[in-house]
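Observations on the model geometry
So the chains spell out like this:
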Amino acid sequence: MSLMLLGLDYELFFGQRTGSVEHCMLHPTEALVAALEAANTRHSPKITLFVDACYLLRLKQLERQHPELQLRRSAIQRQLNQLSRKGHSIQLHIHPHWLDSDYRDGSWITDTNRYRLHDLDAGERTRLIIESKQLLEECSEADVFAYRAGGWCLQPFDQIADALSDAGIWMDSTVYADGLSEDPLRWFDFRGAPDKPHWTFDTNPLKEDEQGRFVELPISQQQVSPLFFWRMAWLKKFGNADDIKPFGDGASMVAHSAYYLERLTRHSAGPASIDGIKGDLLEDAWQQHCSDNPAGYFNVMGHPKALTQRSITRLVEFLERHQDVELVGFEELEHLKPEQLNTPEMPQLVLNQLEEQPKVHQPLKRAFG
Ligand SMILES: [Zn+2]
């Protein structure tokens, strides 16, 4: 029996058009879960949603002025509660730029100047992480303990480690082998990560530390050839089949131009994913996992907004073909919690201490005041 995880970053878009909650979050998630429930598998497959909790906090803050935002938040929370009751897992994802984004005339004016958690000051960061986790726990029957960094911006981890640890987060699932982004605003560099199924670390996720406060559960790596990206570019331009059209109705942030060039010319290491037509590569990703990391979890990622009817079909076909692969939620990983962490968590105490300190940053006041 092999164990597979599917962690989907549940969020809107951050470019010119954010897209709608209905098409980026609710509907694709519903379609995916319905397809998994109908699949002919021995086990009942479970997914994990890494929920962009900062978006939920921002809705909560603005909903008095804009009642439609309250309806959206309720619809999201209802879906999360339902999924949690069915045994799916809810975990933490944060895109902090929502704190600075405004809602006017029915659409969002996104401000991505503070795109990384590291761009907030230490007090803001801690308050955001703790309040995010508390809000998600209202939508979940189980503990929220795992984190995935928005845009993979996890480093330098020592700047966010205390805040995550204070909030009771002890697992991260952001790293993938050889991951690298040279985009100056959204850089990350996972080269040199331990070649292990999972490991304990403290302030550097690339360095094992047995006494550390966190466990890294890396996303499986997948080598993708330039040919694949050419094919994807071709399909995007000329393909018109409905099954490769993503559910999401927004526009992504524009990446650094080197990003596209790099992918069209060189073999690149990416995370195993079911986004878009990458779902077609699921079998390849599995084969690579079986040779690279057979003792580990086959940890696949994606985004509801980027799913397509075809990627859902590919996933179901994969599970039906591999009856010995069980798709489980992150809740199944609780036994990986390091012993040294089995002490009571006191996030509320930390919040109270923060309340006693003056709040300096204006956007934070807006978000939490
Ligand atoms: Zn994200």
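Note that the coordinates shown come from a computational prediction; the quantities given were computed from them, not determined experimentally.

Each value, and the rule that gives it
Residues numbered from 1 in each chain as written. Predicted model: local features only at pLDDT ≥ 70, side-chain atom pairs only at ≥ 80, totals over all residues. Helix = DSSP H or I, 4+ residues; strand = E, 2+ residues; numbered from the N terminus. Buried ≥ 20, exposed ≤ 12 C-beta atoms within 10 Å, placed from the backbone. Contact = placed C-beta atoms within 7 Å. Core = buried A, V, L, I, M, F, W, Y, C linked by C-beta atoms within 7 Å. Axes fitted to C-alpha atoms, helices over the stretch in contact; angles between N-to-C directions. Parallel < 35°, antiparallel > 145°, perpendicular 65-115°, else oblique. Nonpolar A, V, L, I, M, F, W, Y, C, P; charged D, E, K, R; others polar. Expected span 1.5 Å × (residues − 1). Bend = angle between axes of the 7 residues up to and from the residue. Pairing = 2+ DSSP bridges.

1. Quick word on the overall build of the chain
The secondary structure content of the chain amounts to 11 helices and 15 strands. Within the chain, the proportion of its 369 residues that are buried is 45%. Considering only contacts in the chain between residues 6 or more positions apart, those separated by 24 or more positions represent 80%.

2. Quick look at the nonpolar core
With 88 residues, the main nonpolar core has Leu 49, Leu 92, Met 171 and Val 300 as its most contacted residues. Broken down by element, the residue count for this core peaks at six residues, all from helix H2 (residues 53–62). Once you skip the residues sitting within four places of it in the chain, Leu 92 turns out to touch Phe 50, Ala 53, Ser 132, Lys 133, Leu 136, Val 144, Ala 146, Tyr 147 and Ile 169.

3. Some details on the packing of H2 against helix H4 (residues 122–137)
Taken N-terminus to C-terminus, the directions of H2 and H4 make an angle of 85 degrees; their axes are 9 Å apart at the nearest point. Relative to H4, the element H2 is oriented roughly perpendicular. Counted together, Ala 53, Cys 54, Leu 56 and Leu 57 of H2 and Leu 128, Glu 131, Ser 132, Leu 135 and Leu 136 of H4 form the full contact between these two elements. Looking at the contact of H2 with H4 residue by residue, the class counts come to seven nonpolar, one polar and one charged.

4. Considering unusual backbone geometry
Cis peptide bonds are those with omega within 30 degrees of zero, and the linkage from Gln 155 to Pro 156 qualifies with -5 degrees. You can see Pro 156 is positioned in the loop between strand E6 (146–149) and helix H5 (161–166). At Trp 152, a residue that is not glycine, the phi angle is positive and equals roughly 60 degrees. Inspection of the secondary structure assignment puts Trp 152 in the loop between E6 and H5. Judged by C-beta crowding, with 20 C-beta atoms within 10 Å, Trp 152 ranks as buried.

5. Observations concerning helix H1 (residues 21–38)
The terminal C-alpha atoms of H1, which comprises 18 residues, lie 25 Å apart, in line with the 26 Å expected from a rise of 1.5 Å per residue. Its maximal kink placed at His 27, H1 deviates by approximately 30 degrees, while the proline Pro 28 follows within four residues. Along H1, the residues classified as buried are Cys 24, Met 25, Pro 28, Thr 29, Leu 32 and Leu 36. Taken together, the buried residues of H1 touch strand E1 (2–10), helix H3 (67–85) and helix H9 (309–321).

6. Description of the pairing of E1
The element E1 is largely enclosed, with a buried count of seven among its nine residues. Inspection of the sheet shows E1 paired to strand E15 (residues 325–328) by four bridges, in the parallel sense. Looking at E15, one finds that Leu 5 is bridged to Val 328. Examined bridge by bridge, E1 and strand E2 (residues 48–52) share four bridges and lie parallel to one another. If you follow Tyr 10 over to E2, its bridge partner there is Val 51.

7. Some thoughts on the environment of Leu 32
Within the secondary structure, Leu 32 is located in helix H1. With 23 C-beta atoms counted inside 10 Å, the residue Leu 32 sits in the buried group. C-alpha of Leu 32 to C-alpha of Leu 315: the two residues are 283 residues apart in sequence and 9.3 Å apart in space. When residues no more than four places from it in sequence are discounted, the contact partners of Leu 32 are Ile 47, Leu 307 and Ile 312.

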